[in-house]
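# Secondary and tertiary structure notes
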Amino acid sequence: MPVGGFRQIDRSSGLVLAAVAILILTGSLAVILSRASAVAADSSTPKGVVATYIRAIQAGDADRAWGLLNQNAIGSAPAGAAPAEPHYILSQDEFRQQVRGNRGPTPPGVRIVQVSQSLDWASIQLDVTHASANPLTGGSTQQVSVTLARQAGSWLINSDPSPWAFQ
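Here the structure is a predicted model, which is why all the values come from computation and not from measurement. (Residues numbered from 1 in each chain as written. Predicted model: local features only at pLDDT ≥ 70, side-chain atom pairs only at ≥ 80, totals over all residues. Heavy atoms only, no water.)

## A look at the packing of aromatic side chains
- Using the criterion set out here, one finds two aromatic pairs in the structure.
- Centre to centre, the rings of tyrosine 53 and phenylalanine 166 are 6.1 Å apart; their planes meet at 90 degrees, and the pair counts as edge-to-face. One end of the pair, tyrosine 53, is in helix 2 (residues 46–59); the other, phenylalanine 166, is in the segment after strand 4 (154–157), with 113 residues separating them in the sequence.
- Their ring planes at 55 degrees and their centres at 5.3 Å tell us that tryptophan 66 and phenylalanine 95 sit as a pair that is tilted. Here phenylalanine 95 lies in helix 4 (residues 92–101) and tryptophan 66 lies in helix 3 (residues 62–66), a separation of 29 residues in the sequence.
- Taking the relative accessible area as the measure of exposure, tryptophan 66 reaches 14% and is therefore buried. (Phe/Tyr/Trp six-rings, centres within 6.5 Å; stacked < 30°, edge-to-face > 60°. Helix = DSSP H or I, 4+ residues; strand = E, 2+ residues; numbered from the N terminus. Buried < 20%, exposed > 50% of the residue type's maximum accessible area, 1.4 Å probe, protein only.)

Below, the structure is given as structure tokens:
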């Protein structure tokens, strides 16, 4: 009978258990450090406003995201650009419902591809990659364009807010 009623673990099993424990601790530490090192977006730049908007959408903070939208110009094109096609504009309540109701289990990866900026307007091209339910097919990537205008010294999003694209 083993001492204290416990069976002793052989050396190789003990090493495997120790390795698994180290991997779990290392992975947990990496997750904690990556979240702690996330830099706050600089909301004085178009790129920062878009990053803040996307983070708010992914966090389910519809009111913060709504505050970054230029309510007077959603869907309008910057000066000198082709006019935007007319489309249905969401009310704040509809926007909230979309942000809170369409959240997926894993938010998509978003990468800024290109930033075009003048004194009063900016256009940011994004690649948005949604993971596939089938791990063999990878994910699907779509391009999203976000336009912004400077209004009273702040950058606001002019283009269709489409919160579903970032959920």
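There's more to say after this.
## Some thoughts on the nonpolar core
- In terms of nonpolar packing, the biggest core is built from 25 residues, with Tyr53, Phe95, Leu126, Leu148 and Phe166 touching the most fellow members.
- Looking at this core, the element that brings in the most residues is helix 2, giving six residues. (Core = buried A, V, L, I, M, F, W, Y, C linked by side-chain atoms within 4.5 Å.)

## A closer look at the sheet that holds strand 4
- The sheet built from four strands is open, its strands ordered 1-2-3-4 with antiparallel pairing. This sheet does not close on itself; its edge strands, each paired only once, are strand 1 (109–117) and strand 4. Taken over all neighbouring pairs, the strand axes of this sheet differ in orientation by 30 degrees on average, direction set aside.
- Sheet topology places strand 2 (residues 121–131) next to strand 3 (residues 139–151); eleven bridges connect them, and they run antiparallel. Bridging across to strand 3, valine 128 finds its partner in glutamine 142.
- With respect to the sheet, helix 2 is in contact with strand 1, strand 2, strand 3 and strand 4, its orientation differing from that of strand 2 by roughly 35 degrees. (Pairing = 2+ DSSP bridges. Axes fitted to C-alpha atoms, helices over the stretch in contact; angles between N-to-C directions. Contact = heavy atoms within 4.5 Å.)

## Let's talk about the pattern of salt bridges
- Tallied over the entire structure, the rule returns three salt bridges.
- As a salt-bridge pair, arginine 96 and aspartate 93 come within 3.0 Å of each other at their nearest N and O atoms. Note that arginine 96 and aspartate 93 are positioned in helix 4 at a spacing of three residues, about one turn of the helix.
- The exposure class of arginine 96 is partly exposed, given its relative accessible area of 23%.
- Measuring nitrogen to oxygen at the nearest pair gives 2.8 Å for the salt bridge that ties arginine 111 to aspartate 127. With arginine 111 in strand 1 and aspartate 127 in strand 2, the pair connects residues that are 16 residues apart, well separated along the chain.
- Among the charged side chains, a salt-bridge network with shared partners connects Asp63, Asp93 and Arg96. (Salt bridge = Lys/Arg side-chain N within 4 Å of Asp/Glu carboxyl O.)

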